[in-house]
Amino acid sequence: MTDTTSCQSPALDDASLSADEARQRMLDSVAPITHAEKVPVRNALGRILAADVIAPYDVPAHDNSAMDGYAVRFESLASDGETALSVVGSAFAGNAFSGLVGRGQAVRIMTGAVLPAGADTVVVQEVTRVTGNTVFVPAGQKQGQNTRRAGEDLARNAIALPAGKRLGPAELGLIASLGIAELSVRRRLRVAFFSTGDELASIGSPLAPGEIYDSNRYTLYGLLTRLGAEIIDLGVVPDRAEALEAALREAAEIADAIITTGGVSVGEADFIREILARLGHIGFWKLKIKPGRPMAFGRIGHAWLFGLPGNPVSVMVSYAQFALDALLRLSGVDPLPVRPLLPVAAANAIRKQPGRREYLRGRVTEVDGRWQVFTLPHQGSGILRSMSEANCLVVLSEASAGVQPGEAVDVQLFDGLY
Ligand code: AMP
Ligand code: MG
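First things first, this report covers the structure right here in the doc. Everything numeric here is computed off the predicted structure, so don't read it as measured data.

### Re the packing of helix 3 (residues 216–227) against helix 6 (residues 312–331)
When two helices pack together, you describe them by how their axes are tilted relative to each other and by the distance separating the axes.
Here's step 1: Put simply, helix 3 and helix 6 touch, their axes get as near as 11 Å, and they point 25° apart. By the angle between their directions, the pair helix 3 and helix 6 is classed as roughly parallel. In this structure, the crossing between helix 3 and helix 6 has a hand that is right-handed. Taken together, the residues of helix 6 that come into contact with helix 3 (itself represented by N216, T219, L220, L223, L224 and L227) are P312, V315, M316, Y319, L324, L327 and L328.
Here's step 2: A per-class count over the contact of helix 3 with helix 6 returns eleven nonpolar, two polar and no charged.

Below is the structure:
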């Protein structure tokens, strides 16, 4: 299903790691799935190109007008004063002028219409004056102005989109502009996930005393659906060795990646560690971060395991900071997306000890015409509400010893434009 890597990989040793080391080890371990399938353009949204898309012809196919106006021969125009030209026809988008524009002539032209033979320049209608069949063009026009050249968007045989590109709205449009109806994309990544914990109840069943509803599986459902994965929900697995082992074995049979939540914190890890050691090659990491400190990563059979912590916010933070790019790489995305850390002025002080990277839920807000970021008051890793109220993570580096109001902090916004 996936390429195999060495089972003795030092990447999987138990370790105390920085966020960067953990991320790099994961990325170095995983290799993309290779299977491809053909899909129609509309079904390709969010999919990953398995092969380069080559432009079958120039886009645009013809020189055309970028404005409504008059197509002229530049050499017809006087260098000073007005030039009178006789209007010999019209060119509309989709309905070209079939004749030739000679010296002293002009063709009325609309945006997108093919530039008629003989014309090389478009004069916008706003600067012209028309009397009967004569158009008067002022001096100061530039040769070639207001025209779009054939192939200026894409030249024939050029790589329009490279393999490894994840297809968004712009790419669907670009592909359609090439007249391509079907594409080769990587098959979807199969991701199995389950929650662990004796305290967890599934929605639809009443809560017994001491139980809580399993929220992680729903958050993961959302995250993985957005990722474009084929999701396999294996439900809640109790903290029992046989149940856990059976779930992991089943998941490893059917999935490229397995995501579990819970059971990796110090108190519980020993129990899971023994099972995982028997089933595969898994490292337990104590990351120098907050939240999301404990994490397991490794391999069971052909499947990669991401053992995320149990707390709902830790799940989202460790998914975004570690699992996401590894899953994208597994899916075939290349290069990985850039995730800018944007400097924004902190609206409030933030306390922090140096030594670990911290991710705080924040809200980037415009105050008196300036963008500022507020950290939300409730930063407990079990408080999912603040994840919903936040629109960004404030990322404080290992070295940071706290932040004063007005100081710039690094921010990762949750949502992009598209
Ligand atoms: P654990 O890592 O298993 O020790 O869990 C840490 C905390 O997260 C505990 O308070 C759990 O009850 C909570 N937790 C674990 N899994 C889930 C889940 N699927 N949904 C909601 N909370 C959870
Ligand atoms: Mg637990």
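Having put the structure on the table, let's press on.
### Things to note about the nonpolar core
Here's step 1: Formed by 44 residues in total, the largest nonpolar core has its most connected members in L224, I259, F306, Y319, F322 and L327.
Here's step 2: Tallying contributions element by element places helix 6 first for this core, with eleven residues.
Here's step 3: Counting 24 residues, the second largest nonpolar core, distinct from the first, contains A192, I232, V237 and I258.

### With respect to the sheet that holds strand 9 (residues 129–131)
Here's step 1: Strand order in the open sheet formed by six strands is 8-5-7-6-10-9, with mixed pairing between adjacent strands. Lying at the two open borders of the sheet, with one neighbouring strand each, are strand 8 (121–124) and strand 9. With direction set aside, neighbouring strand axes in the sheet form an average angle of 40°.

### Overview of the site of ligand 1
Here's step 1: Inspection of the region around ligand 1 gives 15 residues, with E199, D214, S215, G263 and E268 positioned closest.
Here's step 2: With respect to ligand 1, the side chain of D214 contributes an N or O atom lying 2.6 Å from a nitrogen atom.
Here's step 3: Here a nitrogen atom of ligand 1 and a side-chain polar atom of N216 are 3.2 Å apart.
Here's step 4: Contact with the protein chains hides 79% of the accessible area of ligand 1, taken as 480 Å² for the molecule alone.

### Re the environment of E245
Here's step 1: If you trace the backbone, E245 turns up in helix 4 (residues 241–254).
Here's step 2: Linking E245 and D334, residues 89 residues apart in sequence, is a C-alpha distance of 34 Å.
Here's step 3: Aside from chain neighbours lying at most four places away, what touches E245 is I275, R278 and L279.
Here's step 4: A distance of 2.8 Å separates polar atoms of two side chains, one belonging to E245 and the other to R249.
Here's step 5: Only 2.6 Å separates the side chain of E245 from the side chain of R278, close enough to count as a polar contact.

### Some remarks on the pattern of salt bridges
Here's step 1: Here the structure, examined in full by the defined rule, presents 21 salt bridges.
Here's step 2: Residues R357 and D20 are paired through a salt bridge, measuring 3.0 Å at the closest nitrogen-oxygen approach. Here R357, found in strand 24 (residues 357–367), pairs with D20, found in helix 1 (residues 19–29); they are 337 residues apart in sequence, far enough to count as distant.
Here's step 3: Its relative accessible area of 14% is what places R357 among the buried residues.
Here's step 4: Residue D20 is classed as partly exposed on the basis of its relative accessible area, which comes to 45%.
Here's step 5: Here the residues in one salt-bridge network are E245, R249, E274 and R278, joined through shared partners.

### Thoughts on the pairing of strand 21 (residues 294–300)
Here's step 1: Taken across its seven residues, strand 21 has six buried, putting it largely inside the fold.
Here's step 2: With six bridges joining them, strand 19 (residues 281–287) and strand 21 adopt antiparallel strand pairing. Bridging across to strand 21, I282 finds its partner in G298.
Here's step 3: Inspection of the sheet shows strand 21 paired to strand 22 (residues 303–308) by five bridges, in the antiparallel sense. Within strand 22, the residue paired with G298 across the bridge is L305.
Here's step 4: If you look at the hairpin formed by strand 21 and strand 22, you'll find two residues sitting between the two strands, and G301 has a positive phi there, around 60°.

Calculation notes
- Residues numbered from 1 in each chain as written.
- Chains lettered and ligands numbered in written order.
- Predicted model: local features only at pLDDT ≥ 70, side-chain atom pairs only at ≥ 80, totals over all residues.
- Heavy atoms only, no water.
- Axes fitted to C-alpha atoms, helices over the stretch in contact; angles between N-to-C directions.
- Helix = DSSP H or I, 4+ residues; strand = E, 2+ residues; numbered from the N terminus.
- Parallel < 35°, antiparallel > 145°, perpendicular 65-115°, else oblique.
- Left-handed = near helix turned anticlockwise from the far one by under 90°.
- Contact = heavy atoms within 4.5 Å.
- Nonpolar A, V, L, I, M, F, W, Y, C, P; charged D, E, K, R; others polar.
- Core = buried A, V, L, I, M, F, W, Y, C linked by side-chain atoms within 4.5 Å.
- Buried < 20%, exposed > 50% of the residue type's maximum accessible area, 1.4 Å probe, protein only.
- Pairing = 2+ DSSP bridges.
- Near = heavy atom within 4 Å.
- Polar contact = N/O pair within 3.5 Å; in protein donor to acceptor, adjacent residues only side chain to side chain.
- Areas by Shrake-Rupley, 256 points an atom, 1.4 Å probe, with all protein chains shown as cover.
- Salt bridge = Lys/Arg side-chain N within 4 Å of Asp/Glu carboxyl O.

None of this, on its own, says anything about what the molecule does.
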